[in-house]
Every structure is written in structure tokens, then in C-alpha cells.
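What the coordinates show
Each chain, written out:
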Number of protein chains: 2
Amino acid sequence: MASPTTHPGVGRPVVTSRAEIERVAFHLFIENGFVSTTLDDIASAAGIGRRTLLRYYRSKNDIPWGQFDDTLDGFRESLRSYADRPVQEAVHRAVIDFNRFPAAAMAEHRVRMRLILTTPELQAHSVLRYADWRRVIAEYVAERTGTDPEALLPQTASQVALALSMTGYGEWLADEHADLPAVLERALLTMRSYLAD
Amino acid sequence: MASPTTHPGVGRPVVTSRAEIERVAFHLFIENGFVSTTLDDIASAAGIGRRTLLRYYRSKNDIPWGQFDDTLDGFRESLRSYADRPVQEAVHRAVIDFNRFPAAAMAEHRVRMRLILTTPELQAHSVLRYADWRRVIAEYVAERTGTDPEALLPQTASQVALALSMTGYGEWLADEHADLPAVLERALLTMRSYLAD
DNA sequence: TTCCATTTTGACCCTCAGTGCCATTATTGT
DNA sequence: ACAATAATGGCACTGAGGGTCAAAATGGAA
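Residues numbered from 1 in each chain as written. Chains lettered and ligands numbered in written order. Predicted model: local features only at pLDDT ≥ 70, side-chain atom pairs only at ≥ 80, totals over all residues. Heavy atoms only, no water.

For chain A, the name recorded in an unreviewed UniProt entry is Mycofactocin system transcriptional regulator, with Flexivirga caeni as its organism.

Across the contact, 31 residues belong to chain B and 31 residues belong to chain A. Of the roughly 2900 Å² buried between chain B and chain A, counting both surfaces, carbon and sulfur atoms make up 75%. The largest share of the area that chain B buries against chain A comes from L152, Y194 and L195 of chain B, three residues that together contribute 28% of it. At the junction of chain B with chain A, the criterion picks out two residue pairs in polar contact (both at pLDDT 80 or more). Here the side of chain B that touches chain A gets 11 residues from one element, more than from any other, and that element is helix 8 (residues 152–174) of chain B. Considered class by class, the residues forming the side of chain B that touches chain A number 18 nonpolar, eight polar and five charged. (Contact = heavy atoms within 4.5 Å. Buried area = accessible area lost by both parts, 1.4 Å probe. Polar contact = N/O pair within 3.5 Å; in protein donor to acceptor, adjacent residues only side chain to side chain. Helix = DSSP H or I, 4+ residues; strand = E, 2+ residues; numbered from the N terminus. Nonpolar A, V, L, I, M, F, W, Y, C, P; charged D, E, K, R; others polar.)

Turning our attention to the packing of aromatic side chains. All told, the structure shown has 22 aromatic pairs over all chains when counted by the stated rule. Judged by centre distance (6.0 Å) and plane angle (90°), the ring pair of F68 of chain A and F98 of chain A falls under edge-to-face. One end of the pair, F68 of chain A, is in the loop between helix 3 (50–56) and helix 4 (72–80); the other, F98 of chain A, is in helix 5 (residues 87–98), with 30 residues separating them in the sequence. Side by side, F68 of chain A and F98 of chain A carry an identical accessibility label, which is buried. Summarising the aromatic geometry, the rings of W65 of chain B and Y130 of chain B are spaced 5.3 Å apart at their centres and angled 85° between planes, so their arrangement reads as edge-to-face. Here the residue W65 of chain B occupies a position in the loop between helix 3 (50–56) and helix 4 (72–80), and Y130 of chain B occupies one in helix 7 (residues 120–145), the gap between them amounting to 65 residues. Exposure remark for W65 of chain B: the relative accessible area of 4% places this residue in the buried category. A network of ring pairs unites the aromatic residues W65, F68, F75, F98, Y130 and W133 of chain A as a single cluster. R18 of chain A extends its terminal NZ or CZ atom over the ring of Y57 of chain A, reaching a point 5.1 Å from the ring centre. Across from the ring centre of F34 of chain B, 4.7 Å away, lies the NZ or CZ of K60 of chain B, which sits over that ring. (Phe/Tyr/Trp six-rings, centres within 6.5 Å; stacked < 30°, edge-to-face > 60°. Buried < 20%, exposed > 50% of the residue type's maximum accessible area, 1.4 Å probe, protein only. Lys NZ or Arg CZ within 6 Å of the ring centre and 35° of its normal.)

So this is what it looks like as C-alpha cells:
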């Protein structure tokens, strides 16, 4: 495989990195659009073979997501750290923490999320990426409520978290100066008042 | 184009119908799985050319959705019929009505939705199909609250409706004897209690 | 220094989805 | 019979993705 080297140092060294590929790919995506950019374009711009590119990323759609799965462990830990809070609050806080980024990384995050949430192909694909993220939430809620992750409450919790993230990001992307945690908070309040009608 | 004939009767008549294509396609999907069934398989089984098949459906992923867009007008009307109810209740009732099917059609609907919601490719694609459905809700809520469909409340309403549908269908598919309207009602109650924690 | 085990690379070939183009075909109306 | 019309389907092309495998580049052992 690409990243997780079993025997470090042994064997032919890698010729590139995910970071480098993403740098090149985002440049092309922004320049020519996601759909118009072919895997060949990215591979040759990165100076690697197309086949190698597809070993670093399972599909073209996965490139904009970068190292998303690697953040899920931290998300799990974050959830556990709120064990003393009510379940809904714990999930909400963890989701907000999940969306905290250093100021220096915000501009890049905006570009990435705008690309993902405005490109139909990537919008569709996002369900599959968010499925893992939702599973983390469902498993946490199931554990805390002594139920199955597939049960109604854990599934509801994970779907609510996704819905809040979607509306939150919509607002965030529409306002260049918006603060992500603040926007997610507003989204929750809005959802509460909508359902309490 | 395929279905909407501008000058009825004039020109070469159609050789098939969406209903016929779907009948054949579902048979193959169930027999061999969605991914393993190629467009060529479907086209030849339906006795039409692959090119013709792709005129009836924009993509392979759209085939399982059948005439979904055609139901959106009825959905819009259904929403309007609840103008005397509070917004959230109106949306909820319309969503439940949207998911009412004659008993004879239930078995087919189960097969269709199980295929869509358990096939990763179709799960992903569903976002794009549900986007139109969500837009109907957002526009309705925007109209009733005097806001823009892109504003936070309309978007929240539409995302909540989607989340409820997703959890509802999950429960419904897991229980062969479940009633869709009843399950959607339970999903709403669960979401309310989760958020009121 | 040389060989060897190990690991990544990328070339080649294949399948399948989807699009553009366009001649062919089967209708209705004149 | 002859337009006008509209669906059909064949052909060629692009692009995503997967399988296979020989070549390349390392570290370590002899």
C-alpha cells in the first residue's frame, strides 16, 4: 500500500506524498474545475504514474478528502472526553471540536469544503465518507445508551449531527467571515426551535 | 427526448417504456447485483440499444429511482394543503403522505428502497436525487416564513426531513412488518427527545 | 562489494459508464 | 407517394478504475 509502511526503510522509497499530490491536485481543481481535471492531468503534474496515483487514493473523488479517516480516531477520543455530559451535548461538543482548525488552516479548509460541497460528484461521494464519521457517533451513542449502533436513537444522533454539519457548512461557506463553531451552534438552536414549533 | 412528446403521435413511436425497462432492470439487479449488471445487460434484456437506454435514464444510478421527479409536483401540492398547520407539522405530514403507498405497491417499494439504500453507489447518488426533494421543502418553508430558501431555517427543515427519512427507512427496512408512516412518526419523536435532552 | 529480500512504481491491457454525432427507421399528415 | 417529424441505435471517443507483473530502488546480510 501507499502510506502505512509495514517495514520502514526497507524496499523502494516512495516517490511522492499525499500532501504533494493534494497540493498539485487542488491547484488543478481550482484552475480547471474538478470534472475537467483528469487523473492523467494530476498524475503527470505530480510527476507520477496514473496507477500510482490510484494507489494513494481509492478514487478521484477521495482526493479532496485528504487524510479524513485519520481524523476519526481523534474524533472518537474527543467524544469519550465528554463522558460526563449528557449524550446529545457530548456529541455536539465533539462535532464542534472536530471542526476547529488553526487559523492558518482555515483558508485551505474553506477551499476544500467549498469544492466538496458544491461539486455534485463530490456532494454525492460525501455520503460515503461521512458514513464512517456517522458510525463513530452511532457507536458512541450506542455505547452510552446500552443499545445497538443500528438502533433508532444512535442513528438519529448521527443523522442529526450530519444535518447540522450540512446546514452549518452551508452558512459558513456563504459568509466569508463566519466562524464554524458559532455557525454550528446557531444551526443547533435553529433545529431545536424548528422541532419545538 | 424520451417521455415528454411535444407532438404526440408524430414521428417514430417509442419501442419501450420506463416501466418495461425498470421491470427488466430490477430483475437483473436482484439476480446479479447492481454493480455487476452492465448497461449492455439491461439494454439487451430490454431489447433496445444501450444508447436508447441512456436516453430514458441519465445514468445507471438513476434507473432505480424510476419516475421520482414526477412525484415532486404532488409533494408540493401536499405541502400546500397543510397551509393551516404550523410549518414543522405541515412538512412532517407532507413527508408522511409522500411515503404512503397502496398496499399492492409496498413490496416493490421495499425492493427499490433496499437496493438504493444498501448499494454504496446508489447511496451516494441518492443525495443528488434527494436534493430536488429537499429544495421543494426549503422553498415551501421559505415561502411560509418569508425568507430565502437558502436561509438557515428552510435548510434546517429540509435537512431534518431528510434525516428523519433516512432513519425511518433504516428502521423500516430492518423490520419486514413495519409501517412506514408509523416509523417516520417514531423517528420524529426520537429526534425531539434526543434534542431536548 | 555483491547478492537478496522487500517494497514501491508504472506500464500495459481490460471493462464499463457516459457523450457526441449521425444515418436509419417508423410514424402522421398532405 | 412524399414530406416532416421524432425515436432509435450504431460507432467512436474519453475517462475512471482494476488486475497483473516486470522493473526499480532501497537496506541488510554474506
